[in-house]
Amino acid sequence: MRLRPFALAEPESVPEAVEILARLEGETRIIAGGTALVPTMRLGLATPDRLVSLHRIPGLSQIRMDKGTLEIGAMSSLAALARHDAVRSRWPLLAEAAGRVATPAIRSIATLGGNLCYAEAASDPAPALLCLDTRVRVADSVGERVVPIGEFFTGFYDTAVAPNEILTGVSVPAAPAGARSGYVKFCPRSAEDKPLIGVAALLVLDAAKRVGEIRIALGGAAPTPMRARRAEAAVKGRELSDAVTRDAAEAAAAEAEPLSDLMGSVDYRREMIRVWVRRLLLSLGSGS
Amino acid sequence: MIALDFTLNARPCRIEVPAHWTVLDLLRDGLALNGTKYGCGEGVCGTCTILLDGEPVRSCLVLASRLRGRTVVTVEGLASDGEPDRLQTAFARAGAVQCGFCTPGMLLSARALLTENPSPTEHDVREALAGNLCRCTGYSKIIEAVLAAAAGR
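A quick note: this is a predicted structure, and the numbers were derived from the prediction, not measured.

## Side note on the overall build of chain B
Next up, step 1: The number of helices and strands found in chain B is five helices and five strands.
Next up, step 2: Tracing chain B from N to C terminus, the helices and strands come up as β-β-α-β-β-β-α-α-α-α.
Next up, step 3: Taken over the C-alpha trace, chain B has a radius of gyration of 15 Å; the compact-globule value for 153 residues is 15 Å, and the two agree within 12%.
Next up, step 4: Referenced to the eigenvectors of the C-alpha coordinate spread, the extents of chain B come out at roughly 45 × 30 × 25 Å.
Next up, step 5: Buried residues in chain B amount to 48% of all 153 residues.
Next up, step 6: For chain B, restricting intrachain contacts to residue pairs at least 6 apart in sequence, the fraction spanning at least 24 positions comes to 60%.

## Looking at the nonpolar core
All names here are of chain A.
Next up, step 1: Membership of the largest hydrophobic core comes to 142 residues, with the highest contact counts inside it found for L94, A252 and V277.
Next up, step 2: Sort the elements by how many residues they give to this core and helix α11 (residues 266-285) lands first, with seven residues.
Next up, step 3: Once residues within four sequence positions are removed from consideration, V277 is found in contact with V199, I216, A231, A248, A249 and A252.

## Structural notes on the domain arrangement of chain B
Residues and elements named next belong to chain B.
Next up, step 1: For chain B, the domain assignment lists domain 1 (2-77) and domain 2 (86-150).
Next up, step 2: Inter-centroid distance (C-alpha atoms) of domain 1 to domain 2 is 21 Å.
Next up, step 3: Every contact between the two is made by 14 residues of domain 1 and, on the other side, 13 residues of domain 2.
Next up, step 4: Those elements giving two or more residues to the side of domain 1 that touches domain 2 turn out to be β3 (49-52) and β4 (55-58).
Next up, step 5: For the side of domain 1 that touches domain 2, the leading source of residues is β3, giving three residues.
Next up, step 6: Residues of the side of domain 1 that touches domain 2, tallied by class, amount to six nonpolar, six polar and two charged.

## Overview of the sheet that holds strand β1 (residues 7-9) of chain A
All names here are of chain A.
Next up, step 1: Spatially, three strands are ordered β1-β3-β2 in an open sheet, and the strand pairing comes out parallel. The two strands at the open ends of the sheet, each matched to only one other strand, are β1 and β2 (28-31). In this sheet, adjacent strand axes meet at a mean angle of 25 degrees when their direction is disregarded.
Next up, step 2: Here four bridges tie β2 to strand β3 (residues 50-53), and the two strands are oriented parallel to one another. From the neighbouring strand, I31 faces β3, where its bridge partner is S53.

## A few points about the interface of chain A and chain B
Next up, step 1: Each partner contributes to the interface: chain A provides 25 residues, whereas chain B provides 22 residues.
Next up, step 2: Looking at the side of chain A that touches chain B, the elements that each hand over two or more residues are β1, α2 (37-42) and α6 (104-107) of chain A.
Next up, step 3: Class assignment of the residues belonging to the side of chain A that touches chain B gives a composition of 15 nonpolar, six polar and four charged.

## Structural notes on the sheet that holds strand β11 (residues 180-186) of chain A
Residue and element names in this part refer to chain A.
Next up, step 1: In space, the four strands of this open sheet follow the order β11-β12-β13-β14, with antiparallel pairing throughout. Because the sheet does not close on itself, it has two edges, and the strands there are β11 and β14 (226-227).
Next up, step 2: Bridge count between strand β13 (residues 211-219) and β14: two bridges; the pairing is antiparallel. Bridge pairing in β14 links A217 to R227.
Next up, step 3: Running at roughly 30 degrees to strand β12 (residues 197-205), α11 makes contact with β11, β12 and β13 of the sheet.

## Here we look at the pairing of β13(A)
All names here are of chain A.
Next up, step 1: Of all nine residues that make up β13, seven are buried, and the element is covered over most of its length.
Next up, step 2: As defined by bridge partners, β12 adjoins β13 across seven bridges and the pair is classed as antiparallel. Looking at the pairing, A201 lines up with I216 of β13.
Next up, step 3: From the end of β12 to the start of β13, which pair antiparallel, there are five residues, and K209 there has a positive phi angle of about 70 degrees.
Next up, step 4: Here β13 folds back onto β14 in antiparallel fashion, the turn holding six residues, of which G220 has a positive phi close to 75 degrees.

## So, helix α1 (residues 14-23) of chain A
Residues and elements named next belong to chain A.
Next up, step 1: Listed in full, the buried residues belonging to α1 are A17, V18 and L21. Buried residues of α1 fall within an arc of 90 degrees about the axis and therefore sit on the same side. More than 90 degrees from the buried face of α1, the exposed residues found are A22 and R23.
Next up, step 2: Those residues of α1 that are buried are in contact with β2, β3, β6 (135-139) and β10 (166-172).

## Comments concerning helix α4 (residues 122-129) of chain B
Since the α-helix turns once every 3.6 residues, residues separated by three or four places project in the same direction.
Residue and element names in this part refer to chain B.
Next up, step 1: The set of residues buried in α4 consists of V125, A128 and L129. For α4, the arc enclosing every buried residue in end-on projection is 90 degrees, short of the 170-degree limit, so these residues lie on one face.
Next up, step 2: The positive-phi residue at the C-terminal boundary of α4 is G131, with phi of around 90 degrees.

## Some details on the packing of helix α10 (residues 242-255) of chain A against α11(A)
Residues and elements named next belong to chain A.
Next up, step 1: Two numbers describe how α10 lies on α11: the axes approach to 8 Å, and their chain directions differ by 145 degrees. As for how α10 packs across α11, the hand of that crossing is right-handed. Contact residues: T245, R246, A248, A249, E250, A252 and A253 in α10; R270, I273, R274, V277, R278, L281 and L282 in α11.
Next up, step 2: Taken together, the residues that form the contact of α10 with α11 break down as eight nonpolar, one polar and five charged.

## Observations concerning the pairing of β12(A)
Residue and element names in this part refer to chain A.
Next up, step 1: The element β12 is largely enclosed, with a buried count of seven among its nine residues.
Next up, step 2: Bridge analysis of β11 against β12 gives seven bridges, and the strand direction is antiparallel. Bridge pairing links V184 to V199 in β12.

## Section: the environment of A:P15
Next up, step 1: Note that A:P15 resides in helix α1.
Next up, step 2: A:P15 gets classed as partly exposed once you count the C-beta atoms within 10 Å, which come to 14.

Rules behind the numbers
Residues numbered from 1 in each chain as written. Chains lettered and ligands numbered in written order. Predicted model: local features only at pLDDT ≥ 70, side-chain atom pairs only at ≥ 80, totals over all residues. Helix = DSSP H or I, 4+ residues; strand = E, 2+ residues; numbered from the N terminus. Rg over C-alpha atoms; globule rule 2.2 N^0.38 Å. Buried ≥ 20, exposed ≤ 12 C-beta atoms within 10 Å, placed from the backbone. Contact = placed C-beta atoms within 7 Å. Core = buried A, V, L, I, M, F, W, Y, C linked by C-beta atoms within 7 Å. Domains from an automatic or database assignment. Nonpolar A, V, L, I, M, F, W, Y, C, P; charged D, E, K, R; others polar. Pairing = 2+ DSSP bridges. Axes fitted to C-alpha atoms, helices over the stretch in contact; angles between N-to-C directions. Arc of directions from axis to C-beta. Left-handed = near helix turned anticlockwise from the far one by under 90°.

As structure tokens, then:
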């Protein structure tokens, strides 16, 4: 079964791409890796007249360091992120989350920019990026603006990227010194599925083993990926005791606003948030 | 129509293709290379897996225009000089093929793994084949075959 015919533009620069976006008529979609958009089109849920592919724009698939900040081009594949030496050593949380998306033959072509713009609530990379205080770079015909990741996801499958804009990349600041981090995802059906819920956390223990810096983020726990601020407050300044991890897990389950779908009910999602937040914090507390 | 130049199974390929065709459409309907199968069309089943610059990708999800200047290997390109790839031999020996519909995707996913990691553990093999669905053999013989090929058995 073929895709419904569409016109294809393959601009070779960001200015050319945004110019095409500004002038085209009919339903226009940007295509990055296509791993989300193509199935959506095949199912008839998207019927674009035109696609603007970003694959010929040089530099958009670059991953590089700039004075300690990680600069990731929007077209970088999740596989490239997961195997990148500097990402693995200095931002292991991001490498781990990118390497947990779907399967090898999807990660090789799926892009970080595409993952963010698709805005799946149960995205694997999104909770990691939320914990890493990522800044998202967005360009239009006037220039570039920066959106903090906390303001990027605006609703169910919706983002701060306007129809005339292109997400060009993200900037990830250096993680705090001595940070421990981890990402866990719970897949009740198959391991390559999107998670029912995913939990990312990054924390720094002080000399007295108390939690200094703490960031916890959830996927699949609300209409958008979210920071679990009340769970963070429950552990900040405390030792990661059994009781404290329970408090944090309760807080996360309470502040989540999960949706009910074929994968799981609201109650089941809350229960799994409770279980997996606690498991992750316990494992980070024990240093494993 | 879009004009494409790329390398297909170690040979140069120049062809014109409609803009809305995927790589799978081009392989099967444009080039009559029917070894790559159309399964789900949504990137879930894995039988359309090919190698693009050595990495496994789902050909049903990739627009054909992405091939420009790149290197593609399909199941037809796995053998060299008439000799089957050792994975193909190992699949036959282990009985890792029943109906055969998933086999092209299994072989190419396994080829990508062994090129990157010549001595994989069973866990590595399972991870590499994740997303390649088989409804006949139950996977055990497929995993055995990949491990046997890696071990030179």
